[in-house]
Amino acid sequence: MDEYESVEAALEDIGRYDAVVVRVAELDADVLAQADRLQIIAKHGAGLDNVDIDAASERGIVVCNTPGANSRSVAEHALSLLFALRRNHRGADQHVRDGGWERSAYTGRELMGDTIGLFGFGAIAREVSDLAHGLGQKVIVYDPYVSDDDVPTRVDRVSNLQDLFARSDAVSVHAPLTSETEHAISTEELAALGGRGVLINTARGAIVDEEALVEALRTDKLGAAGLDTFEDEPPGDDHPLYARDDVLLTPHVGGVTEEALARMSQRAATNIRTVYEGGTPSSTVNRDAVAMETE
């Protein structure tokens, strides 16, 4: 088995391969133009914004993912960020390490009785919803692409994003990154969430306008934020959020648990075997385009 010194070196050699398992590497049109033998791109995860699906389809390459394989892991991570922010874990931890013991300075808030808003209602958001209900929270959701039949009766729907933020104590983002959702969360939405509100993003960084987020926190128009994803990853050495105690940052690890990694690996391998055996994986996202290519 060959080992490459970098992702770039591996992509330059893509012409050798019949199948690719990908997590975060960019498979754009230029890369795929060199993939003469490639039959399948198997995403080790759900989000496919790093894969040029149109370019793959033009070349008859099956593109599939592993939806749901890391849903529980991401859902738990989203709520762990919310717990930690409500209970001031970041500041309290540092306070004790610095020799302090001012208990009253770190009075927190319970999650029970709060309203959590979910932007998007796919597999991960459904897990968050179930966990949040178990904590005694009210759940509301905005997702114009989900039918009423797919939303449990205990979950309330709202008709627009602004209403979601205005009615929530915390909003957790679970939408895909598209031209429609890019920077969908900006100044007005954050202001609607309010000075005690919490924003959690374990989806894609560019859904949130980071400049607007920094300003909302600076001016106390937003209470806190927990981010697992960023517009640029890694976000660099001098990001303005680093200095803030009201922000928790993690390096895109929401879906990175031992259990989720095993499930994603197994399902990606199964998808590749299905293609090798002449089939089409159930999670193929360009099924129609590939079918037309093979006719």
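For the structure itself, look to the data block above.
No experiment lies behind these values; they were computed from the predicted model shown.

Cut-offs applied
- Residues numbered from 1 in each chain as written.
- Predicted model: local features only at pLDDT ≥ 70, side-chain atom pairs only at ≥ 80, totals over all residues.
- Heavy atoms only, no water.
- 1 Å grid on protein atoms, 1.4 Å probe; cavity = no way out; pocket = protein on both sides within 12 Å on 5 of 7 lines; lining within 4 Å.
- Points joined across faces, edges and corners; volume = space filled by probe spheres on them.
- Helix = DSSP H or I, 4+ residues; strand = E, 2+ residues; numbered from the N terminus.
- Buried < 20%, exposed > 50% of the residue type's maximum accessible area, 1.4 Å probe, protein only.
- Pairing = 2+ DSSP bridges.
- Right-handed = clockwise from strand over helix to strand, strands pointing away.
- Axes fitted to C-alpha atoms, helices over the stretch in contact; angles between N-to-C directions.
- Contact = heavy atoms within 4.5 Å.
- Polar contact = N/O pair within 3.5 Å; in protein donor to acceptor, adjacent residues only side chain to side chain.

Caption draft 1: Representation of the layout of surface pockets. In this structure, the largest pocket encloses a volume near 1400 Å³. Along the walls of the largest pocket sit 50 residues, with Ala46, Gly47, Asp49, Ala203 and Arg204 positioned nearest its centre. Looking at the lining of the largest pocket, the elements that each hand over two or more residues are α4 (71–86) and α6 (123–134). In terms of residues, the lining of the largest pocket owes the most to one element, α6, which gives 3 residues. In this structure, the second largest pocket encloses a volume near 330 Å³. Lining the second largest pocket are 19 residues, and of these Leu85, Arg86, Asn88, Gly223 and Ala224 sit closest to its centre. Going through the elements one at a time, α4 and α5 (89–97) are the ones with two or more residues in the lining of the second largest pocket.

Caption draft 2: Here's a closer look at unusual backbone geometry. In this model, Glu233 is joined to Pro234 through a cis peptide bond whose omega is -5 degrees. Inspection of the secondary structure puts Pro234 in the loop between β9 (224–227) and β10 (247–249). Non-glycine residue His252 carries a positive phi angle of around 55 degrees. Within the fold, His252 resides in the loop between β10 and α10 (258–276).

Caption draft 3: Spotlight on the pairing of strand β2 (residues 40–43). Covered by surrounding structure in β2 are Ile40 and Ala42 together with Ile41 and Lys43, the residues of both alternating faces. With 4 bridges joining them, strand β1 (residues 19–22) and β2 adopt parallel strand pairing. Within β2, the residue paired with Val21 across the bridge is Ala42. Across 3 bridges, β2 lies against strand β3 (residues 62–64) in parallel orientation. Opposite Ile41, over in β3, you have Val63 as the bridge partner. A crossover links β2 with its parallel partner β3, the connecting element being helix α3 (residues 53–58), and its sense is right-handed.

Caption draft 4: Structural view of the sheet that holds β1. In space, the 3 strands of this open sheet follow the order β1-β2-β3, with parallel pairing throughout. What marks the edges here is a single partner per strand, and that holds for β1 and β3. Each strand axis lies, on average, 15 degrees off the axis of its neighbour in the sheet, ignoring direction. Packed onto the sheet, α10 meets β1, β2 and β3 and runs at close to 160 degrees relative to β2.

Caption draft 5: Examining the environment of Ile53 more closely. Mapped onto the elements, Ile53 comes out in helix α3. For the pair formed by Ile53 and Arg87, sequence separation is 34 residues and the distance between their alpha carbons is 42 Å. What Ile53 contacts, discounting residues up to four positions off in sequence, is Leu48, Val63, Val285 and Asn286.

Caption draft 6: Layout of helix α9 (residues 210–218). All of the buried residues in α9 are Glu210, Ala212, Leu213, Val214, Ala216 and Leu217. Between a side-chain oxygen at the N-terminus of α9 and the backbone nitrogen of Glu211 the separation is 3.2 Å; the capping residue is Asp209. At the exit of α9 stands Asp220, carrying a positive phi of roughly 60 degrees.

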